[in-house]
Amino acid sequence: MNNSTTRRGFFKTTAASLMASGIAGRYQSQGKSTMEVKVQRLNLTHTWTISRNSSDFKDNVFVRLTRDGITGWGEAAPNVRYGESAQETVSKLEAARSAIESANWLHYTDLKARIDELITDESCAKAALDIAVLDWVGKKFNQPLFRIFGLDPARTPVTTFSIGIDTPDVVRQKVKEAAAFPVLKIKVGLKNDQEMLETVRSVTDKPLRVDANEGWKTKEEALEKIRWLEGLGVELIEQPLPSAMLEETRWLRERVNMPILADEAVKTTRDIPALSSAFDGINVKLMKSGGPQEALTMIKMARALGMKIMLGCMIESSVAIAAAAQISPLVDYADLDGNLLISNDPFKGSTVEKGKIVLPSGPGLGVEPVA
Ligand code: MG
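The structure displayed is predicted, hence computed values, not measured ones. (Residues numbered from 1 in each chain as written. Predicted model: local features only at pLDDT ≥ 70, side-chain atom pairs only at ≥ 80, totals over all residues. Heavy atoms only, no water.)

Peer 1: I'm lost on the coordination of the magnesium ion in this one. Help?
Peer 2: Around a metal, the idealised angle for a tetrahedral arrangement of four donor atoms is 109.5 degrees; for an octahedral arrangement of six donor atoms it is 90 or 180 degrees. Donor atoms from the polypeptide that bind the magnesium ion are Asp211 (OD), Glu238 (OE) and Asp263 (OD), placed at 2.1 to 2.2 Å. In the primary sequence, the donor residues of the magnesium ion line up as D-x26-E-x24-D. Pair noted here: Asp211 is in strand S6 (residues 208-211) and Asp263 is in the loop between strand S8 (260-262) and helix H11 (272-275), with a separation of 52 residues, a long-range link. (Donors = N, O, S within 2.8 Å, 3.2 Å for Na, K, Ca; no water. Helix = DSSP H or I, 4+ residues; strand = E, 2+ residues; numbered from the N terminus.)

Given below as structure tokens:
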């Protein structure tokens, strides 16, 4: 038997066995579809304070897609920094309803492009839909998303646990509660930076990452603060200056050894090339990118430019956190603790063992509502 006969035989057999096993037919079904949208309040265990604002709860928007008896879950975490609200997110989702309900969800790449046309801002609404569609697709194929994307679940990173800005007593308590996490992320950018870091350092010698959330207003202030942090065992600094201060951040980068990561300065792939001379890396978040598919493109672009990659989150339930966790084997740093900062997570999904993210084995996102 020569090669071409073998190949013809293979194709013939494959096509025949696909038909016999019903795979070709199974992946074409287009039953009745529904999209449900619901706002749910997530309560924070501690008042959450960063340089911009302070909150005790977040109203997130949950999406449930159903077709062929399979449910796909999605979540949007609207963020005031990007002009988003739960109400506006719901109206964007409602405006996209008929297009979503009539689309073929298996063609999730095409559908993502359609979502980008239907929803031009409110990236968290796009994220909710992309997450829900991918969860549905994974369940339809009966495979976890990390398998659909070809990723090794053993390669998940360690996640930091974030310590919001607070009084010394509460900061000490938060550090104690984070005992299981080998690396902490400390929020700064208000007037008490020194007090925050000294309090943390008085109770732990763990490696620290620091996030100023655009809180330092001049390059000179940022330079002084970063040189001080370099002496405190801090591994990296996130968004030291306002996102618009790109020139100043470039100036800063030439004068410090610590890696500087962009967060507020980067939402999607198109933002990345302009940042590569000012930042050492980027913080990718599903709520900014508009979902896992765009996050994967961002990761590829950042890698091509030699940049480091952090995968972060907003205050989110286990739905959006699991979606990020599914692509986390691709990144250098993770900050996927949004679900750990709330007291009423309506779902369970990925878990954390000694700081390392553990992916659920179930299909799709691998999340389930808490009964
Ligand atoms: Mg940040």
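Peer 1: Is there a simple way to think about the confidence of the model for the chain in this case?
Peer 2: Close reading of the predicted structure is inappropriate where its pLDDT is low. With 92% of its residues at a pLDDT of 70 or more, the chain has an overall mean of 93. Every residue in residues 1-27 scores below 50 in pLDDT, and together they form eight contacts with partners more than four places removed in sequence or on other chains. (pLDDT = per-residue confidence, 0-100. Contact = heavy atoms within 4.5 Å.)

Peer 1: Quick question: what am I supposed to make of the nonpolar core here?
Peer 2: Generally speaking, a soluble globular protein has its nonpolar side chains buried in company with each other. Membership of the largest hydrophobic core comes to 108 residues, with the highest contact counts inside it found for Ile100, Leu129, Ile186, Leu197 and Ile282. Mapped onto the domain boundaries, this core takes at least three residues apiece from domain 1 (3-147) and domain 2 (151-369). If we skip the residues at most four places from it in the chain, Ile186 touches Ile163, Met196, Leu197, Val200, Leu208, Arg209, Val210 and Asp211. (Core = buried A, V, L, I, M, F, W, Y, C linked by side-chain atoms within 4.5 Å. Buried < 20%, exposed > 50% of the residue type's maximum accessible area, 1.4 Å probe, protein only. Domains from an automatic or database assignment.)

Peer 1: What should I look at first to understand the domain arrangement of the chain in this one?
Peer 2: When the parts come together, some accessible area is lost, and that loss is often what is quoted as the size of the interface. Parsing the chain into structural domains produces domain 1 (3-147) and domain 2 (151-369). Using only C-alpha atoms to locate each centre, domain 1 and domain 2 end up separated by 24 Å. At the boundary of domain 1 with domain 2, total buried surface from both sides reaches about 3900 Å², with 60% on carbon and sulfur atoms. A salt bridge links Arg52 to Glu214; the nearest nitrogen and oxygen atoms lie 3.2 Å apart. Counting the contacts that link domain 1 with domain 2 gives 29 residue pairs in polar contact (both at pLDDT 80 or more). Of all the elements in the fold, those that place two or more residues in the side of domain 1 that touches domain 2 are strand S1 (33-49), strand S2 (54-67), strand S3 (70-76), helix H4 (108-118), helix H5 (123-141) and helix H6 (145-148). Here the residues of the side of domain 1 that touches domain 2 are counted per class, giving 17 nonpolar, 15 polar and 11 charged. (Buried area = accessible area lost by both parts, 1.4 Å probe. Salt bridge = Lys/Arg side-chain N within 4 Å of Asp/Glu carboxyl O. Polar contact = N/O pair within 3.5 Å; in protein donor to acceptor, adjacent residues only side chain to side chain. Nonpolar A, V, L, I, M, F, W, Y, C, P; charged D, E, K, R; others polar.)

Peer 1: Explain H5 here, please?
Peer 2: One turn of the α-helix equals 3.6 residues, which is why residues spaced by three or four share an orientation. Between the first and last C-alpha of H5 there are 27 Å, a value that for 19 residues agrees with the 27 Å anticipated at 1.5 Å per step. With 17 of 19 residues buried, H5 is to be regarded as a mostly interior element. Backbone geometry just after H5 places Asn142 at a positive phi near 55 degrees. (Expected span 1.5 Å × (residues − 1).)

Peer 1: How should the packing of helix H8 (residues 193-203) against helix H9 (residues 219-230) be read in this particular structure?
Peer 2: Helix-helix packing is described using two parameters, namely the angle between the two axes and the distance between the axes. Two elements in contact, H8 and H9, have axes whose closest approach is 12 Å; the angle formed by their N-to-C orientations is 10 degrees. Regarding the angle of H8 to H9, the classification is roughly parallel. Contacts from Asp193, Gln194 and Leu197 in H8 reach Lys225, Trp228 and Leu229 in H9. The residue makeup of the contact of H8 with H9, split by class, is three nonpolar, one polar and two charged. (Axes fitted to C-alpha atoms, helices over the stretch in contact; angles between N-to-C directions. Parallel < 35°, antiparallel > 145°, perpendicular 65-115°, else oblique.)

Peer 1: How should I be thinking about the pattern of salt bridges in this particular structure?
Peer 2: Opposite charge on two side chains permits pairing when their charged atoms draw close. Scanning the entire structure with this criterion turns up 30 salt bridges. Here Arg52 and Glu264 are joined by a salt bridge, their closest N and O atoms 3.1 Å apart. In this pair, Arg52 sits in the loop between S1 and S2 while Glu264 sits in the loop between S8 and H11, placing the two residues 212 residues apart along the sequence. The partner of Asp332 in a salt bridge is Arg303, with the nearest N and O atoms 3.2 Å apart. Here Asp332 is found in the loop between helix H14 (318-327) and strand S11 (333-334), whereas its partner Arg303 is found in helix H13 (residues 292-304), with 29 residues between them in sequence. A residue is classified by how much of its surface remains accessible, and Asp332, at 30% relative accessible area, is partly exposed.

Peer 1: Before we go on, may I ask you to explain the sheet that holds S2 in this structure?
Peer 2: Think of a sheet as strands paired side by side through backbone hydrogen bonds, with each pair either parallel or antiparallel. In spatial order, the strands read S1-S2-S3; together these three strands make up an open sheet with antiparallel pairing. Bordering the open sheet on either side are S1 and S3, each of which pairs with just one other strand. Each strand of the sheet is rotated relative to its neighbour by a mean of 25 degrees, with strand direction disregarded. The pairing of S2 with S3 spans seven bridges and is classified as antiparallel. Its bridge partner lying in S3, Leu65 is registered against Gly72. Its contacts with the sheet put helix H3 (residues 86-102) on S1, S2 and S3, and the angle it makes with S1 is roughly 155 degrees. Most of the contacts of H5 go to S3, to which it runs at about 155 degrees, and overall it touches S1, S2 and S3. (Pairing = 2+ DSSP bridges.)

Peer 1: When you look at the pairing of S1 in this model, what are you seeing that I'm missing?
Peer 2: Successive side chains on a regular strand alternate, one facing one side of the sheet and the next facing the other. Two elements, S1 and S2, share 13 bridges in a ladder whose sense is antiparallel. For Gln40, the partnering residue across the bridge sits in S2 and is Asn60.

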